[in-house]
Structure formats: structure tokens, C-alpha cells
Amino acid sequence: MENNYLWELDPLFLCLYLLLPSLLLLLFVLRNKSRSKSQLNLPPSPPSFPIIGNLHQLAKDPHRSLRSLSEKYGPLMLLNLGRVPTLVVSSPDLVGEIVNTNDVVFSGRPKTTATEILFYEHKNVLFAPYGEYWRQARKICVVELLSLKRVQSFQKVREQEVDALVKEIRKEGCVSGSRPINLSKMLIEASNHLMSRCVLGHSYKAEDGSIRRLGELSNDMSMQLMAFGFGDFFPCLRWIDVLRGFVGRMRSTFRDFDAFNDQVVREHKAARKVGHDGSEVEDLVDVLLRLQQDSMLDFELTQDHIKAILQVN
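Just so you know, these numbers come straight off a predicted model, no measurement behind them. (Residues numbered from 1 in each chain as written. Predicted model: local features only at pLDDT ≥ 70, side-chain atom pairs only at ≥ 80, totals over all residues. Heavy atoms only, no water.)

Caption draft 1: Structural detail: the confidence of the model for the protein. The predicted model of the protein averages 79 in pLDDT, with 79% of residues at 70 or higher. Mean pLDDT across the elements of the protein ranges from a minimum in helix α1 (residues 2-9), with 42, to a maximum in helix α5 (residues 113-118), with 93. (pLDDT = per-residue confidence, 0-100. Helix = DSSP H or I, 4+ residues; strand = E, 2+ residues; numbered from the N terminus.)

Next comes the structure, spelled out in C-alpha cells:
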């Protein structure tokens, strides 16, 4: 009776008694973690909170927060963003040393939930892991899209898109009168049209059935790449991204983009593009399809590889 009366009078004591093993385990883990860190020669790091690390020190504009922190803790700084240790380098000299001396070590890109879903499980050139596939895919893009000869061949396309942009600005100016014009939107659309003509051979300005415009898809993808994902900083909390619809929205964007890419590939397979001089005119899609047909690479160039490489922007 006495013992039962004690538990009824002091529920706080009961809670502490039940939580004591968990608290002792947490203290043990934190103690070992601090010991292991003290044995490493780590860069300076701002004080951090348990679990969230330094996430609370990144405000609405992370680049400004990082600049303020680097002014205090130096050009080489370690942040713990949740469970992810992050090295922040804000010195041009140190960046040069990293790129020139330790380029292989720092050549990878962070794998996030967004890059995995949106870029065919990291087959995109920008987020592909360093290796033979990345080197050959990068070489294809550089030679077939960014070489001096290719850039010069796109001069007429650039002139046409700039001329169309100027006409659109004049048109909007006459219609709106003294009202401001949204130049940002126009410049983004012009950039998307130019990129799609150089890479895909067509501007794809209009909607086609259930496939949304390329500009709208690109905007959705950019916003989702910059969005906060719980699973990227706390792997054990990935289920929260599913519950809040974040993963579902990304999968929807991927399905629309995948359908658009399928349409592009089908069109290029069905039609042979012939220039005015009778010679074959190849854009990046044609080049990838030719390499796939001739098996000229050291790896199997699948349909997903082609669609991922097309997402060079």
C-alpha cells in the first residue's frame, strides 16, 4: 500500500525512473562522440545544439549566415547540419588548393532525396558519382554542346531568341504603359527556349497534352531541389518527407519531366533532321542516340541515361 501511494503522489519520480536508462545511454553516446572529435584535428566550429547541430544558425538567407559565421570562425569552418558534417570553405586560395590538389576527394556531389528522385537515381551529369560514367557523360556534353565550334554554330539561334525577347519586351511595354514589366520571367523563358533549342532541337513553348511546359517543369524542379528535406539531415526522419507530401510532389514532377523526355526521344528517333546544305544536323539528343546505337561507349547507354544527360540545366 505504501509503495502504491508513493507512485500516485510522485508521477514525476516514476517518469524519471523509467527514462533513466535512456538518459544514461544518451549521455554515454554524447561523451564518446565528444572524445572521438577531440582526437581529430577538425576545423573551427560554432557551438552547436544536440540533434539539430548548427541548423538554427542558418537564417532565411543561408549565404549571408555563412558569411557572418566565416568572418568569426575563419575561412575553413565545420558545421554540423543535423547529422551531416559540412565543411564550409570561403577562401579563394583554399578553394584553388582543393580543386587543384585534392580534386578527386572533393569531386563528388551530395546525394539528397531530391537528386535521387528527380535525376534518375543520380544519372544526371551534375550529380552523378565520380567515375567512368561521369567522365564520359561530361565529355559528351562538353564536346557536343560547349565546344567552340558548337557554340559558334548556335549563334543564329541566340540572335533569334534575343530578337524575340526584345520584341516581347516592346510589346509588353506598349500594352502595360506605365506599369512595371516582369523582366525576370521573360529572361528565364528566353533562357529556357535557347537551351531547349540547343540541346533538344526545338523550343517546346506550347503545352502538349498532359505534358506541362518545359519552363514550368524546370521551375518546379529548381524549387524542389532547394527545399528542405528532413531525410537529408536526419536520415531516421525520412518518413516525415513522405507524410508532408514532399516526396509525392517530387515524384509528380519527375513523372511529368520523364514523359517530356520520352516525347523528345521519340520525336528524334522518328524524324531525320536535314540541314539546308543536305548534311545531317545533330543536336545533343541525336548524338546520344547515335552513340547508343553504335555502342561506342564503355558502358551501356540506356534510355534513362540519355534522359538524365538531357537535364544538363
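Caption draft 2: Spotlight on the pairing of strand β2 (residues 84-89). As paired elements, strand β1 (residues 76-81) and β2 share six bridges and run antiparallel to each other. Across the sheet, Leu 79 pairs through a bridge with Thr 86, a residue of β2. (Pairing = 2+ DSSP bridges.)

Caption draft 3: Spotlight on the pattern of salt bridges. All chains considered together, the criterion is met by nine salt bridges. For the salt bridge of Arg 135 with Glu 132, the shortest nitrogen-to-oxygen distance reads 2.9 Å. Placement of both Arg 135 and Glu 132 in helix α6 (residues 132-145) is noted, with a separation of three residues, approximately one turn of the helix. In this structure Glu 132 comes out as partly exposed when scored by relative accessible area, which is 37%. Close ionic contact of Arg 197 with Glu 161 constitutes a salt bridge, the shortest N to O distance being 3.1 Å. Note that Arg 197 is positioned in helix α9 (residues 183-200) and Glu 161 in helix α8 (residues 155-176), a separation of 36 residues in sequence. (Salt bridge = Lys/Arg side-chain N within 4 Å of Asp/Glu carboxyl O. Buried < 20%, exposed > 50% of the residue type's maximum accessible area, 1.4 Å probe, protein only.)

Caption draft 4: Region of the structure containing a nonpolar patch on the surface. Together, Leu 76, Leu 87, Val 105 and Phe 106 make up an exposed nonpolar region whose accessible area comes to about 350 Å². When you line up the elements, Leu 87 lands in strand β2. Judged by relative accessible area, Leu 87 falls into the partly exposed class, the value being 36%. (Patch = residues over 30% accessible without salt bridge, like charges linked within 9 Å, V, L, I, M, F, W, Y side chains within 5 Å. Areas by Shrake-Rupley, 256 points an atom, 1.4 Å probe, with all protein chains shown as cover.)

Caption draft 5: Local environment of unusual backbone geometry. In the Ramachandran plot, Glu 121 falls in the positive-phi region, its phi being about 55° despite a non-glycine side chain. On the secondary structure map, Glu 121 appears in the loop between α5 and α6. With a phi close to 65°, His 122 is a non-glycine residue in the positive phi region. Along the polypeptide, His 122 turns up in the loop between α5 and α6.

Caption draft 6: Here's a closer look at the nonpolar core. Membership of the largest hydrophobic core comes to 39 residues, with the highest contact counts inside it found for Leu 200, Leu 288, Leu 301, Ile 309 and Leu 310. With seven residues, the top contributor of residues to this core is helix α13 (residues 246-270). Dropping the residues within four chain positions of it, Leu 288 is found in contact with Ile 140, Leu 301, Ile 306, Ile 309 and Leu 310. The next biggest cluster of nonpolar side chains, apart from the first, holds eight residues, and it includes Leu 55, Leu 69, Met 77 and Val 88. (Core = buried A, V, L, I, M, F, W, Y, C linked by side-chain atoms within 4.5 Å. Contact = heavy atoms within 4.5 Å.)

Caption draft 7: Main features of the pairing of β1. Burial within β1 is extensive, with five of its six residues counted as buried. The turn joining β1 and β2, which pair antiparallel and follow one another in sequence, is formed by two residues; a positive phi near 65° is taken by Gly 82.

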